[in-house]
Number of protein chains: 2
Amino acid sequence: MPETLPANSVGLVTPQTLQFNEPLNLQGGKVLPSYELIYETYGQLNAQSSNAVLICHALSGHHHAAGYNSMDDKKPGWWDSCIGPGKPIDTNHFFVVCLNNLGGCNGSTGPVSINPETGKLYGPDFPIVTVKDWVQSQACLADKLGIKQWAAIIGGSLGGMQALQWSIDFPDRVRHAVIIASTSKLTAQNIAFNEVARKAITSDPHFYEGRFYEHNTIPKKGLMLARMVGHITYLSDASMGEKFGRETRNKAFGFNFDAEFEVEKYLNYQGERFSENFDANTYLLMTRALDYFDPAADFDGSLEQAFRKCLSKFLVISFSTDWRFSPERSEKIVDAMVEAGKDVSYAEIDAPHGHDAFLIPTPRYTELFTAYMEKVARECQGGSQ
Amino acid sequence: MPETLPANSVGLVTPQTLQFNEPLNLQGGKVLPSYELIYETYGQLNAQSSNAVLICHALSGHHHAAGYNSMDDKKPGWWDSCIGPGKPIDTNHFFVVCLNNLGGCNGSTGPVSINPETGKLYGPDFPIVTVKDWVQSQACLADKLGIKQWAAIIGGSLGGMQALQWSIDFPDRVRHAVIIASTSKLTAQNIAFNEVARKAITSDPHFYEGRFYEHNTIPKKGLMLARMVGHITYLSDASMGEKFGRETRNKAFGFNFDAEFEVEKYLNYQGERFSENFDANTYLLMTRALDYFDPAADFDGSLEQAFRKCLSKFLVISFSTDWRFSPERSEKIVDAMVEAGKDVSYAEIDAPHGHDAFLIPTPRYTELFTAYMEKVARECQGGSQ
C-alpha cells in the first residue's frame, strides 16, 4: 500500500449510485422502467452550480476516470492524466462528473444487472442503447445533481459522440463541447471491425446466445479476440512498430505457432486480461451504439443542419496517426460547424500513438487542452450564463 | 454451360501434378521426404526454353491463375485479368507456370495430404514452410520442366515475396522479378492481424488442435473470422466506403445484432464462403510464412546486402491506398535495390482498391505492366541470356 498519493491526484474517491424510477424511452422503441447510474465526482460544485464538467467514456471505459478507489489501487482512473489539480480538467476549478453508461458492466444498469421483470440477469435481453439514449440518461443524472447547464461536456472517441449529441439535443445545457479523436459517424471499415468483434463473441460456444451467466461461463475466447482486433485499431502502425517492431521472444525462430513475436505476446495478454474483466453483452451493446451514431440522419443527412440550433462552443481535437477516426473525420465535423456559424476551435495534434493518443498526455495536446479549459474556468467565475 | 470462352482467355486448362522424391530440407529444420506439386501452364515454351514466366500466389491463391478448368466454371482463374493473349502476361509470348505452394490445400502436398509416415492426413503435423522453402520447391519444379532460367518471376503480396527471394537465392535463374503490392518484411501491425486470424482458428472448439479432420468437422467459425479480418485489410477504407458506405439492409434500423449494414452482410458472406473452401491448417501455415519473411535477416539486417548478388532486373509496383503493404514499404525495397546498384523500375499506381488493387486491372497498372512485359518478351526472342 503506497503511503501517499501523487500531489496532483484527485486522491481517494468513492463511487456513488443514483436510482432513477422515471421510465426511460429508448430510441429503439423499448422502455427501461427504472435504472441505476454509478458515477464519481472530483472537485467542488460552486454556489452557482456553474462549474460542472461531464466526462463521457468510450467503449470500454467507466465512471472511474481519476484518482484512486483504494490505497491498494496500482493504477489511477483511466483519464487521470487529464483530470486533477493543475491538469487540463483542473479540479481546483471544476466539479467533474463521470458516470458508467447505461448498458455498461461497471455498476450502472446493464446486462449484468437484475431485470426486475424476470428476477434474473438481463443478459441479452438488455435493450440496445444508443448515444442519444445515454445523453437522455445523463440529463436525468444532471437533474438529480442540480446541474442545469454543464460548463463543458468532454469525451474522446465514443465519448466525443456523446458530447456532440448533448450539444444537439440539449443546446441550452452545454456551454462547451470538447470532442476528441471522434467522428460524426462510423465508416464501413469501422463497422466492419465492430462486426468482426461481435462475431467473435457470438460465435464462441460459451456465449449461449448471451445467456452465458446461466451456464456459469463466459465467452472468454470470443471476447479476447474482439479486444485483440479492437486493440490493433487503437494503435498506429508506427507506434506498434516502435513498441514491438519484429522483436522476437527468443533469439531464433521456433518455427511453430507459439507467440514468436513480442507483438503476439502483448496482444494475447491484453486480450486475456480484458476478457476476464469485461462483459460480453456490454461489448456488443457498445459497438452497436458506435455503429448507429449518426446525428445528421435526423436532419436529412445534413450535419450542418444538425448543428444549427447548438448554442455551445466547440473544441475539436484529432491526432495525426489516428486511423480509426482520422483527422479528416474531425475536419468534417469542424466544416459543418463552421457552415452552421458555430464557434469552433480545431487542432490536429502530431502524435505517434494512433487513436489511443487521446489518453496520452503529449505536450501540445496537454497545453492546448489546458488553455481551452482555463478559458472555460474563467467563464465559470463569471457565473452561469 | 457457356458455348464459348472469351477470346482473350487462355481457354480450357487442365492442372498437372509432379511427384518429387528428393527430400526437401526445410528452413525450420524438418525434412519433407517427398511431395507433389500441382500446377497449370499457359502458352508454349519456346525452343530455347527462354520464355518461361513463374507466377507465385498469395495467401489464399493456388495454381489456377487463368482460364477455365471446365466449361461449367462460372469464373476464370484468380489472375485471369493479367494472364492471356494480349494481356500484360501475354501467352502469345510467354510460357506461364503457376503452382499451388507446398502446404497449400488445392492439390500440392500440404495438411490435407496423406503423411506417408502415418498413413493419415498430415493435419497439424505438416511442417512450417517458409518463402525460402517455397522457392526451393519451385526450383525443383523448374528443373523438372527444363526451365534453367525464368524470363520473369511475378507475384503480388506474398507472391511478390517469393519473386524477391528467388532473385536472392537463385540469381542466375531469374531475368526479371516483378514484385507487386509486397514488402520485404511484415510490420508489427501486420503480424498482429495475422495473430488474430490464427487465434480465431485455433480457439474454435472444432479445431481440435488441427486434427479436425479426424472429428469430421472443420473450424468453420474460426476460419470465417480469420477471413473477415483479412478481408478488411485487403480493402481500403475508401473502397469499402464506396462499395457499402453506411447503407442499411432495411430502411429503418432494427436495433438488434442482425446484420444491419450492407458491409456486415458482405463480410459475413465472404467469410462463410471462404470457410467452406479453405483448409484451416493451410491458413495458419501461410500466415506464418508471411510473418517469418525477412530476407535481410540473413545479411545482418541489410536489405541492400541481400540484393548485392542479384542478377535480375526488377519491377516494383505499389498502390496508393494499400494500407496492408503501403507504398512506403515498396519504396524501402526500391531504395535498397538502388543502393545495391540494381536495375529497378518503380511505380506507385493511384488506385482506390487498397491491397486488392493488384488483382484489379486499372488502366495505368495494366499499361505499365504490359509495357514492361513487352520488353521482357522482346528479350526472350533474342534467346536465353
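Residue numbers run consecutively from 1 along every chain, following the written order of its sequence. For this description, chains carry letters from A and ligands carry numbers from 1, given in the order in which they are written. Reporting of local features is limited, given that this is a predicted model, to residues whose pLDDT is at least 70; pairs of side-chain atoms are given and counted only at 80 or more, and all residues count toward the totals for whole chains, interfaces and linings.

### Here we look at the overall build of chain A
Inference 1: Check the secondary structure of chain A and you find 10 helices and 10 strands.
Inference 2: Seen along its three principal axes, the alpha-carbon backbone of chain A occupies a region of about 65 × 55 × 50 Å.
Inference 3: Counting other C-beta atoms within 10 Å of each residue's C-beta, where C-beta atoms are placed from the backbone, gives the exposure class: buried for 20 or more, exposed for 12 or fewer, partly exposed between. Every one of the 385 residues in chain A was classed for burial, and the buried ones make up 56%.
Inference 4: Contacts here follow a simple rule: the backbone-placed C-beta atoms of the two residues must lie within 7 Å. Intrachain contacts of chain A at a sequence separation of at least 6 include 71% that bridge at least 24 residues. Runs of E in the DSSP output that reach at least two residues are strands. Runs of H or I that reach at least four are helices, and both are numbered from the N terminus.

### Some remarks on the interface of chain A and chain B
Inference 1: On the side of chain B, 41 residues touch chain A, which itself brings 41 residues to the contact.
Inference 2: Broken down by secondary-structure element, the contributors of at least two residues to the side of chain A that touches chain B are helix H3 (188-202), helix H4 (220-234), helix H5 (237-243), helix H6 (262-275) and helix H7 (280-292) of chain A.
Inference 3: The dominant element in the side of chain A that touches chain B, judged by the number of residues it contributes, is H3(A), at 10 residues.
Inference 4: Looking at the side of chain A that touches chain B residue by residue, the classes come out as 22 nonpolar, 8 polar and 11 charged. Side-chain classes follow a simple rule in which Ala, Val, Leu, Ile, Met, Phe, Trp, Tyr, Cys and Pro form the nonpolar group, Asp, Glu, Lys and Arg form the charged group, and the remainder, Gly included, forms the polar group.

### Quick look at the sheet that holds strand E10 (residues 344-349) of chain A
Pairing between the strands of a sheet is mediated by backbone hydrogen bonds and can be parallel or antiparallel.
Residue and element names in this part refer to chain A.
Inference 1: Strands are labelled as partners when DSSP assigns at least two bridges between them. Taking strand neighbours across the sheet as the criterion, the 8 strands line up as E1-E4-E6-E5-E7-E8-E9-E10 in an open arrangement whose pairing is mixed. Two strands lie at the open edges of the sheet, namely strand E1 (16-20) and E10, each paired on one side alone. Ignoring which end each strand starts from, the neighbouring axes of this sheet average 20° apart.
Inference 2: Bridge count between strand E5 (residues 52-56) and strand E7 (residues 152-156): 4 bridges; the pairing is parallel. A fitted line through C-alpha atoms represents every axis, and for helices the fit uses only the stretch in contact; the resulting angles, taken between N-to-C directions, go from 0 to 180 degrees.

### Brief notes about the nonpolar core
Nonpolar side chains in soluble globular proteins tend to end up buried together.
Inference 1: Core membership is restricted to buried Ala, Val, Leu, Ile, Met, Phe, Trp, Tyr and Cys residues, and these are joined into a nonpolar core through C-beta atoms within 7 Å. In terms of nonpolar packing, the biggest core is built from 235 residues, with A:Val53 and B:Val53 touching the most fellow members.
Inference 2: Sequence-distant contacts of A:Val53, that is, excluding residues within four places in its chain, are made with A:Ile89, A:Phe94, A:Phe95, A:Val96, A:Trp150, A:Ala151, A:Ala152 and A:Ile154.

### Details of the relation of the copies chain A and chain B
Between the two copies of the chain lies a rotation about an axis combined with a shift along it.
Inference 1: Copies are brought into register by a least-squares superposition over C-alpha atoms of residues with pLDDT of at least 70 in both. Between chain A and chain B, the superposition needs a rotation of 180° and an axial shift of 0.0 Å, giving an RMSD of 0.0 Å. In symmetry terms, the pair is related by a two-fold rotation axis.
Inference 2: Here 100% of the interface residues in chain A have copies in chain B that are interface residues too; the copies meet face to matching face.

### A few points about the packing of H6(A) against helix H3 (residues 188-202) of chain B
Inference 1: Axis separation between H6(A) and H3(B) bottoms out at 9 Å; the angle between their running directions is 50°. Put simply, H6(A) runs oblique to H3(B). Here H6(A) runs over H3(B); the crossing is right-handed. Residues A:Val263, A:Glu264 and A:Leu267 of H6(A) pack against B:Ala188, B:Ile191, B:Ala192 and B:Glu195 of H3(B).
Inference 2: Considering only residue class, the contact of H6(A) with H3(B) consists of 5 nonpolar, no polar and 2 charged. Orientation categories follow fixed angle ranges, with anything under 35 degrees roughly parallel, anything over 145 roughly antiparallel, 65 to 115 roughly perpendicular, and all other angles oblique. Left-handed describes a crossing whose near helix is turned anticlockwise from the far helix by less than a right angle; the clockwise case is right-handed.

### Details of the pairing of E7(A)
Residues and elements named next belong to chain A.
Inference 1: In terms of burial, E7 is a largely internal element, 5 of the 5 residues being buried.
Inference 2: Burial of the side chains of E7 extends over both faces: Ala152, Ile154 and Gly156 are buried on one face and Ile153 and Gly155 on the other.
Inference 3: Pairing analysis gives 4 bridges linking E7 to strand E8 (residues 176-180), with the strands arranged parallel. If you follow Ile154 over to E8, its bridge partner there is Val178.
Inference 4: Handedness of the E7-helix H2 (residues 158-169)-E8 crossover: right-handed. A right-handed crossover is one whose linking path, passing over the helix from the first strand to the second, runs clockwise when the strands point away from the viewer.

### Comments concerning the confidence of the model for chain A
Inference 1: The predictor attaches a confidence to each residue, and that confidence, scored 0 to 100, is pLDDT. Of the residues in chain A, 98% have a pLDDT of 70 or more, and the chain-wide mean is 95.
Inference 2: On the interface metric, ipTM, the complex scores 0.93, and its pTM is 0.95.

### Some points on helix H9 (residues 327-339) of chain A
Each full turn of the α-helix corresponds to 3.6 residues, which orients residues three or four apart in the same direction.
All names here are of chain A.
Inference 1: By this rule, a helix spans an expected 1.5 Å times one less than how many residues it contains. In this model, H9 (13 residues) spans 18 Å end to end at C-alpha, consistent with the 18 Å of a helix rising 1.5 Å per residue.
Inference 2: Within H9, the full set of buried residues consists of Pro327, Arg329, Ser330, Ile333, Val334, Ala336 and Met337.
Inference 3: Backbone geometry just after H9 places Gly341 at a positive phi near 75°.

### A few points about the sheet that holds strand E7 (residues 152-156) of chain B
Residue and element names in this part refer to chain B.
Inference 1: Ordered by their spatial adjacency, 8 strands build an open sheet running E1-E4-E6-E5-E7-E8-E9-E10, and the pairing between neighbours is mixed. Edge positions in the open sheet fall to strand E1 (16-20) and strand E10 (344-349), since each of these has one partner strand only. Averaged over all adjacent pairs, the angle separating strand axes in this sheet is 20°, with direction ignored.
Inference 2: One ladder, built from 6 bridges, connects strand E9 (residues 313-319) with E10; its direction is parallel.

### Notes on H7(A)
Inference 1: Across its 13 residues, H7(A) extends 19 Å between first and last C-alpha, which sits within 8% of the 18 Å expected from 1.5 Å per residue.
Inference 2: Among the 13 residues that make up H7(A), 13 are buried, leaving the element largely enclosed by the rest of the structure.

### Structural notes on the packing of H3(B) against helix H7 (residues 280-292) of chain B
All names here are of chain B.
Inference 1: Direction vectors running N to C along H3 and H7 enclose 160°, while the axes themselves pass 10 Å from each other. Taken together, the axes of H3 and H7 lie roughly antiparallel to each other. The hand of the H3/H7 crossing is left-handed. Side by side, H3 and H7 meet where Ile191, Asn194, Ala197, Arg198 and Ile201 of the first sit next to Ala280, Tyr283, Leu284, Thr287, Leu290 and Asp291 of the second.

### Digging into the pairing of strand E9 (residues 313-319) of chain A
Residues and elements named next belong to chain A.
Inference 1: For E9, the tally of buried residues reaches 7 of 7 residues, placing the bulk of the element in the interior.
Inference 2: Both faces of E9 are covered, namely the face carrying Lys313, Leu315, Ile317 and Phe319 and the face carrying Phe314, Val316 and Ser318.
Inference 3: Where E8 and E9 come together, 5 bridges link them in parallel fashion. Considered in E9, the bridge of Ile180 is made with Ile317.

### Here's the deal with the environment of A:Ile317
All names here are of chain A.
Inference 1: As for its position among the elements, Ile317 is in strand E9.
Inference 2: Assessed through the 24 C-beta atoms surrounding it within 10 Å, Ile317 is described here as buried.
Inference 3: Separated by 13 residues in the primary sequence, Ile317 and Ser330 have C-alpha atoms spaced 7.2 Å apart.
Inference 4: Ile317 has contacts with Ile180, Ala181, Ala347 and Ile349, leaving out every residue within four places of it along the chain.

### Quick look at the environment of A:Ala66
Inference 1: Tracing the sequence through the fold places A:Ala66 in the loop between E5 and strand E6 (95-99).
Inference 2: The contact partners of A:Ala66, leaving out residues within four places of it in the chain, are A:Val10, A:Tyr42, A:Pro76, A:Gly77, A:Trp79, A:Asp80, A:Ile83 and A:Gly84.

### Overview of unusual backbone geometry
Residues and elements named next belong to chain A.
Inference 1: The phi dihedral of Ser49 falls on the positive side, at around 55°, and the residue is not glycine.
Inference 2: With respect to the helices and strands, the residue Ser49 is situated in the loop between strand E4 (35-42) and E5.
Inference 3: Phi angles above zero are rare outside glycine, and Glu209 is one such case at about 50°.
Inference 4: The residue Glu209 is located in the loop between H3 and H4 in this model.

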